[in-house]
Amino acid sequence: MKKQLIALALLCSSLAPFGMSKPASAQLGQSSIGPSVEFGNGTAFGVDSKFGISSNLSLRPFVYFPNSGTKFGTALTYDLPLSNNAETLQLTPFVGGSVDFNTGNSNNNTTNFGLVGGVDLDLTDSLRLKGAVNVPLNNGQDRDTAFTVGAGIRF
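All of the points below concern the structure found in this document. (Residues numbered from 1 in each chain as written. Predicted model: local features only at pLDDT ≥ 70, side-chain atom pairs only at ≥ 80, totals over all residues. Heavy atoms only, no water.)

1. Topic: the overall build of the chain
Then, in step 1: Helix and strand counts for the chain stand at one helix and ten strands.
Then, in step 2: N-terminal to C-terminal, the α/β element order of the chain is α-β-β-β-β-β-β-β-β-β-β.
Then, in step 3: A buried classification covers 39% of the 155 residues belonging to the chain.
Then, in step 4: Within the chain, residue pairs in contact and separated by at least 24 positions form 45% of the contacts whose partners lie at least 6 positions apart.
Then, in step 5: For the chain, the exposed surface amounts to about 8,500 Å²; the carbon and sulfur share of it is 65%. (Helix = DSSP H or I, 4+ residues; strand = E, 2+ residues; numbered from the N terminus. Buried < 20%, exposed > 50% of the residue type's maximum accessible area, 1.4 Å probe, protein only. Contact = heavy atoms within 4.5 Å. Areas by Shrake-Rupley, 256 points an atom, 1.4 Å probe, with all protein chains shown as cover.)

2. Looking at the pattern of salt bridges
Then, in step 1: Taken as a whole, this structure holds eight salt bridges when the rule is applied.
Then, in step 2: Among the salt bridges present, the one from Asp48 reaches Lys130, with a minimum N-O distance of 2.6 Å. With a gap of 82 residues between them, Asp48 in strand β2 (residues 42–52) and Lys130 in strand β9 (residues 127–136) connect regions that are remote in the sequence.
Then, in step 3: Asp48 sits in the buried class, given a relative accessible area of 10%. (Salt bridge = Lys/Arg side-chain N within 4 Å of Asp/Glu carboxyl O.)

3. Looking at the environment of Leu127
Then, in step 1: For Leu127, the position within the fold is in strand β9.
Then, in step 2: Note: C-alpha distance between Leu127 and Ala151 (24 residues apart in sequence) is 7.2 Å.
Then, in step 3: Apart from residues lying up to four places away in sequence, Leu127 is in contact with Leu121, Asp122, Gly152 and Arg154.

4. With respect to the side chain of Glu38
Then, in step 1: Examined against the element boundaries, Glu38 turns out to sit in strand β1 (residues 32–40).
Then, in step 2: With a relative accessible area of 11%, Glu38 lands in the buried category.
Then, in step 3: Within polar-contact distance, the side chain of Glu38 engages the side chain of Lys71 at 2.7 Å.
Then, in step 4: Setting aside anything within four residues of it in sequence, one finds Glu38 in contact with Thr43, Ala44, Tyr64, Lys71, Ala146, Phe147 and Thr148. (Polar contact = N/O pair within 3.5 Å; in protein donor to acceptor, adjacent residues only side chain to side chain.)

Dropping the structure here:
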């Protein structure tokens with residue numbers, strides 16, 4: 001129960017950017033939200049997002065809908081923005097930790113912790129592509145390494 005409360009607090013803190021009245025300049029254009037697909041224990045469709053909290057830190061809340069319930073959580077990542085000489089292409093590798101909750105699966109409700117790494121590719125000022133891998137720290141019967149790909153609208 002204690003792990004679930006900590007994870008819930010982390011998830012709730014990921015909603016903090018919604019309450020900001022004026023985003024800091026370091027955050028402008030770093031945030032995005034859009035559809036995503038997760039491959040791991042089957043395929044799950046959902047929505048993931050990124051909220052820049054500084055020039056190198058991001059919260060990445062997500063929700064997926066596998067066949068057997070709902071999976072939601074967040075990740076805190078360290079981002080390393082890179083761009084080419086003409087600054088027309090922005091590539092941002094990231095690494096961090098994640099927590100997620102699975103509801104309605106064969107083991108009832110579960111809380112999982114993992115390591116996450118991936119890359120954001122900003123194609124335009126308003127379009128971002130994302131790819132990531134999430135490696136679980138607490139392996140269970142229904143917990144495998146997951147790969148996600150998605151797109152997002154930047155804001």
